[in-house]
Amino acid sequence: MKKCNVITCTRSKNPIFFSYSLLDLHIQRVTYVRDLGVTLTQTLSSDIHVQDICARANRLLGYILRSTRGLTSQIALKLLYFALVRQVLEFSAAVWSPYRTGLISDLQKIQDKFVRMVGVRQGMNYREVPVNLMSKELQISPLVVRRKLQDALFLFKLINDVIKCPELLQKTNFRVPSGTRSQELFWRKHHPTSYDWSCSFGQNPESRLHYLQLGRFLQLFSPSI
């Protein structure tokens, strides 16, 4: 019973809670729960999850710093970063990808810290490392760009039956041409708030693709994306 919890997902200011029990034992109610590596809150916010993975990534980056003193090889440092740190920052990103600028910045700061670390190993001062130029030299894309590509890849796999999930596929709103020149593949759904849009991936998987302005440029029915 210690591993069992109850969580109610709602944004209501006055939610109705019910006390659950099993074999006369009360099941504890929590405000967030960790499931398959992703922390879910009552409001389906990604705040706690982002804070958690940023803390873990920072610890791993510190481990790399301490373990590789004297190492200047950009290739070796980059491989360590990809294997130990970036995979933590991107695990299941299609589920929790943030839309708020602050959370996006918090994630990117981890990668920028690594880039500055590489610059220091090349003899630069930490604060004077040109992060953008060094990132291009290392061929490391911004994390937000990689999350956008992951969203597009997820939708590609869903449509082409690589990911078998009829529940999500039937919620994908394809647009049927009606004699216009529009090349839009999906019907655009209006979202009154950013929160509504951010929670819409499980309801309408194509919504983020429209937001990313990738819909008309991707050939989602080709053998490869």
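Each value, and the rule that gives it
Residues numbered from 1 in each chain as written. Predicted model: local features only at pLDDT ≥ 70, side-chain atom pairs only at ≥ 80, totals over all residues. Heavy atoms only, no water. Helix = DSSP H or I, 4+ residues; strand = E, 2+ residues; numbered from the N terminus. Buried < 20%, exposed > 50% of the residue type's maximum accessible area, 1.4 Å probe, protein only. Contact = heavy atoms within 4.5 Å. Pairing = 2+ DSSP bridges. Polar contact = N/O pair within 3.5 Å; in protein donor to acceptor, adjacent residues only side chain to side chain. Core = buried A, V, L, I, M, F, W, Y, C linked by side-chain atoms within 4.5 Å. Salt bridge = Lys/Arg side-chain N within 4 Å of Asp/Glu carboxyl O. pLDDT = per-residue confidence, 0-100. Bend = angle between axes of the 7 residues up to and from the residue.

**Regarding the overall build of the chain**
Then comes step 1: Each helix and strand in the chain was counted, giving nine helices and six strands.
Then comes step 2: By the burial criterion, 35% of the 225 residues in the chain qualify as buried.
Then comes step 3: Here the analysis covers contacts within the chain between residues at least 6 apart in sequence; of these, 60% occur between residues at least 24 apart.

**Quick look at the pairing of strand 5 (residues 32-35)**
Then comes step 1: Relative to strand 6 (residues 38-41), strand 5 runs antiparallel, the two being bridged by four bridges. By the bridge assignment for strand 6, Y32 is matched with T41.
Then comes step 2: The hairpin turn running from strand 5 into strand 6, its antiparallel successor, is two residues long, and L36 in that turn takes a positive phi close to 55°.

**A closer look at the side chain of Q111**
Then comes step 1: Within the fold, Q111 resides in helix 4 (residues 101-121).
Then comes step 2: Relative accessible area serves as the criterion here: at 1%, Q111 is assigned to the buried category.
Then comes step 3: A distance of 2.8 Å separates the side chain of Q111 from the side chain of Y81, its partner in a polar contact.
Then comes step 4: A polar contact of 2.9 Å, which involves the side chain of Q111, links it to the backbone oxygen of S141.

**A look at unusual backbone geometry**
For residues besides glycine, phi is generally negative; the peptide bonds are generally trans as well.
Then comes step 1: For L23, which is not glycine, the phi dihedral falls at a positive 55°.
Then comes step 2: You can see L23 is positioned in the loop between strand 2 (21-22) and strand 3 (25-26).
Then comes step 3: Under the relative-accessibility criterion, L23 is labelled exposed at 75%.

**With respect to the environment of L60**
Then comes step 1: Tracing the sequence through the fold places L60 in helix 1 (residues 47-67).
Then comes step 2: Looking at L60, the relative accessible area reads 27%, which means it is partly exposed.
Then comes step 3: As a C-alpha pair, L60 and L80 span 20 residues in sequence and 9.8 Å in three-dimensional space.
Then comes step 4: Contacts of L60, omitting those with residues within four sequence positions, involve L84, V85 and V88.

**Digging into the nonpolar core**
Then comes step 1: Formed by 27 residues in total, the largest nonpolar core has its most connected members in V85, L89, W96, L107, I110 and F114.
Then comes step 2: Looking at this core, the elements with two or more residues in it are helix 1, helix 2 (74-90), helix 3 (93-96), helix 4 and helix 5 (131-138).
Then comes step 3: Those residues within four positions of W96 in sequence are excluded, and the remaining contacts are V38, S46, H49, V50, I53, L89, E90, F91 and L107.
Then comes step 4: Judged by nonpolar contacts, the second largest core, of five residues, contains L155, L158, I159 and F186.

**Considerations on the pattern of salt bridges**
Then comes step 1: Taken as a whole, this structure holds four salt bridges when the rule is applied.
Then comes step 2: Two residues, R146 and E90, come together in a salt bridge whose shortest N-O distance is 2.5 Å. Placement of R146 in helix 6 (residues 143-159) and of E90 in helix 2 is noted, with a sequence separation of 56 residues between them.

**Topic: the confidence of the model for the chain**
Then comes step 1: Confidence in the prediction of the chain, expressed as mean pLDDT, is 82, and 80% of residues score 70 or more.
Then comes step 2: Every residue in residues 200-204 is under pLDDT 50, and counting partners more than four places away or in other chains gives 15 contacts.

**Some remarks on helix 2**
Then comes step 1: At F82, helix 2 shows its maximal kink, close to 40°.
Then comes step 2: What helix 2 keeps buried is the set L77, K78, Y81, V85, R86, V88, L89 and E90.
Then comes step 3: Packing partners of the buried residues in helix 2 comprise helix 1, helix 3, helix 4, helix 5 and helix 6.
Then comes step 4: Backbone geometry just downstream of helix 2 places S92 in the positive-phi region, at approximately 55°.

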